[in-house]
Amino acid sequence: MECSKGLAASRIEELNKNIRKMTNEQWEQVKEVFDAALQHRPDERAQFLDEVCGADETMRREVEALLSSFDDVGSFMAKPAVSITREAATIERTSLTKGRFLGH
Amino acid sequence: MNQQQEITKLLREWSDGRRSAFDELMPLVYGELHRQAARYLRSERRAQTLQPTALIHDAYVRLVGQTGIQWQSRSGFFAFAARVMRHILVDYARAKHREKRGGDAVKVPLEEALLMTVDEQDVDLIALDEALNRLAKIDEQQVRLVELRYFSGLSLEETAEALKISRATAARDWNVARAWLHRELRS
């Protein structure tokens, strides 16, 4: 894995360690709790997590991290990765501009 | 065995886990996606966006047609096409990354290119690819879901059907996947 930023790399390492510790069953639970937490109002979530996670710090941490990420996921991956447009064909022929067009 | 039957057989083998089936199928599927894209671009239709779903569907009709059990092989084909798209896009991103010092994107004449505009949000495809590989170790099905949604452009309903899960589960797993990947990509 390429490490370009010191902080980012060690953070990724830490996340990976947490993930490896989790079993399939725990992951399924994380997904369920995440989903259920979303059904609660933001101000009610902490209490909900208290009830559901109890002493399970790992689960709570994972769910909270996911919730926090989901809160500002915005349009991330909201549309498919690619689309094909006629404009792309025209631009391809005539322009010198930098584009994100795929030539293969 | 005609070509359609051969392709259906390879799709089944690939989804059963025979990895070498990917190498055999890839050029066929990629070639057909390319042909369909070029055909669309040459058509008289007014400027509009072709979603990957439509493209893949056309390729599916050509390559698999009526052979095999209709919806099962169709969703298998979409899963495979999603993998092909992911593969192509990541390869391209890596090549472009290596050439980055040069500046301009690599241009290829219209007739030879599979022309696609990449998602406007400028997702780091290399990072996404690596994150998906990590996610696969936790949850294989979730990665297939992401591929079907993001690379093949299937709806939640279609994705649920393809994976034989409920729509509610598909919706849930899609939210989790996006949250998880978003976290991975911004760290």
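Analysis parameters
- Residues numbered from 1 in each chain as written.
- Chains lettered and ligands numbered in written order.
- Predicted model: local features only at pLDDT ≥ 70, side-chain atom pairs only at ≥ 80, totals over all residues.
- Heavy atoms only, no water.
- Helix = DSSP H or I, 4+ residues; strand = E, 2+ residues; numbered from the N terminus.
- Buried < 20%, exposed > 50% of the residue type's maximum accessible area, 1.4 Å probe, protein only.
- Contact = heavy atoms within 4.5 Å.
- Areas by Shrake-Rupley, 256 points an atom, 1.4 Å probe, with all protein chains shown as cover.
- 1 Å grid on protein atoms, 1.4 Å probe; cavity = no way out; pocket = protein on both sides within 12 Å on 5 of 7 lines; lining within 4 Å.
- Points joined across faces, edges and corners; volume = space filled by probe spheres on them.
- Nonpolar A, V, L, I, M, F, W, Y, C, P; charged D, E, K, R; others polar.
- Polar contact = N/O pair within 3.5 Å; in protein donor to acceptor, adjacent residues only side chain to side chain.
- Axes fitted to C-alpha atoms, helices over the stretch in contact; angles between N-to-C directions.
- Parallel < 35°, antiparallel > 145°, perpendicular 65-115°, else oblique.
- Left-handed = near helix turned anticlockwise from the far one by under 90°.
- Salt bridge = Lys/Arg side-chain N within 4 Å of Asp/Glu carboxyl O.
- Phe/Tyr/Trp six-rings, centres within 6.5 Å; stacked < 30°, edge-to-face > 60°.
- Lys NZ or Arg CZ within 6 Å of the ring centre and 35° of its normal.
- Core = buried A, V, L, I, M, F, W, Y, C linked by side-chain atoms within 4.5 Å.

## Points about the overall build of chain B
If you tally the helices and strands in chain B, you get eight helices and two strands. Split into buried and exposed, the 187 residues of chain B put 55% on the buried side. For chain B, the share of sequence-separated contacts (at least 6 apart) that also reach a separation of at least 24 residues comes to 67%.

## With respect to the overall build of chain A
When you go through chain A residue by residue, the secondary structure sums to five helices and one strand. What you see in chain A, going N to C, is helices and strands ordered as α-α-α-α-β-α. For chain A, buried positions account for 39% of its 104 residues. Restricting the contact set of chain A to residue pairs at least 6 apart, pairs at least 24 apart contribute 42%. Counting every atom, chain A has about 6,400 Å² of accessible surface; 50% of that belongs to carbon and sulfur.

## Quick word on the layout of surface pockets
Residue and element names in this part refer to chain B. Of the pockets and cavities examined, the second largest pocket occupies roughly 620 Å³. Looking at the second largest pocket, it is lined by 18 residues, and the ones nearest its centre are Trp-14, Arg-19, Phe-22, Arg-83 and Arg-86. If you list the elements that add at least two residues to the lining of the second largest pocket, you get α1 (3–15), α4 (70–98), α5 (125–138) and α6 (140–151). Ranked by residues supplied to the lining of the second largest pocket, first place goes to α4 with five residues. Residue classes in the lining of the second largest pocket are distributed as six nonpolar, four polar and eight charged.

## Here we look at the side chain of Asp-139 of chain B
With respect to the helices, strands and loops of the structure, Asp-139 of chain B is situated in the loop between α5 and α6. Residue classification places Asp-139 of chain B among the buried residues on the basis of a relative accessible area of 8%. In this structure the side chain of Asp-139 of chain B is engaged in a polar contact, spanning 2.6 Å, whose partner is the side chain of Lys-31 of chain A. Sequence-distant contacts of Asp-139 of chain B, that is, excluding residues within four places in its chain, are made with Trp-27, Glu-28 and Lys-31 of chain A.

## Digging into the packing of α5 of chain B against helix α8 (residues 167–186) of chain B
All names here are of chain B. Following both chains from N to C, one finds α5 and α8 inclined at 130 degrees, their axes separated by 10 Å at the closest point. In this view, α5 runs oblique relative to α8, as classed from their interaxial angle. As α5 runs across α8, the sense of the crossing is right-handed. In contact with Ala-127, Leu-128, Ala-131, Leu-132, Arg-134, Leu-135 and Ile-138 of α5, α8 contributes Trp-180, Leu-181, Glu-184 and Leu-185.

## Focus: the pattern of salt bridges
Close approach of charged atoms allows side chains with opposite charge to pair. Residues and elements named next belong to chain B. By the definition in use, this model includes 22 salt bridges over all chains. Between Glu-32 and Arg-62 there is a salt bridge whose closest N-O contact spans 3.7 Å. Taken together, the residues Glu-32 in helix α2 (residues 20–42) and Arg-62 in helix α3 (residues 52–63) connect sequence positions 30 residues apart. Under the relative-accessibility criterion, Arg-62 is labelled partly exposed at 47%.

## Side note on the packing of aromatic side chains
Two measures describe an aromatic ring pair: the distance that separates the ring centres and the angle between the ring planes. Residue and element names in this part refer to chain B. Taken as a whole, this structure holds five aromatic pairs over all chains when the rule is applied. Consider the rings of Trp-14 and Phe-80, whose centres lie 5.0 Å apart with planes at 90 degrees: the pair is edge-to-face. Note that Trp-14 is positioned in helix α1 and Phe-80 in helix α4, a separation of 66 residues in sequence. For Phe-80, a relative accessible area of 0% gives the class buried. Here a set of aromatic residues connected by ring pairs shows up, and it is made of Trp-14, Phe-22 and Phe-80. In this arrangement the basic side chain of Arg-144 is found over the ring face of Trp-14, its NZ or CZ atom lying 5.2 Å from the centre.

## Notes on the nonpolar core
Counting residues in hydrophobic clusters, the biggest one holds 78 residues, and the most contacted among them are Phe-77, Val-84, Leu-128, Tyr-150, Phe-151 and Leu-181 of chain B. Element by element, the count of residues in this core is highest for α4 of chain B, at 11 residues.

## Quick word on the packing of α6 of chain B against helix α7 (residues 156–163) of chain B
Angle between the axes and distance between the axes: these two values describe a pair of packed helices. All names here are of chain B. Direction vectors running N to C along α6 and α7 enclose 140 degrees, while the axes themselves pass 10 Å from each other. The orientation of α6 relative to α7 falls into the category oblique. Helix-helix and strand crossings are classified by hand; for α6 and α7 the assignment is right-handed. The segment α6 lies against α7, with Gln-141, Arg-144, Leu-145, Leu-148 and Arg-149 engaging Leu-156, Thr-159, Ala-162 and Leu-163.

## Quick notes on the environment of Asp-72 of chain A
If you trace the backbone, Asp-72 of chain A turns up in the loop between α4 (57–71) and β1 (82–85). On the basis of relative accessibility, which here comes to 46%, the residue Asp-72 of chain A falls in the partly exposed class. The spacing of Asp-72 of chain A and Leu-38 of chain A is 34 residues in sequence and 13 Å in space, taken between C-alpha atoms. Asp-72 of chain A has contacts with His-182 and Arg-186 of chain B, leaving out every residue within four places of it along the chain. Only 2.8 Å separates the side chain of Asp-72 of chain A from the side chain of Arg-186 of chain B, close enough to count as a polar contact.

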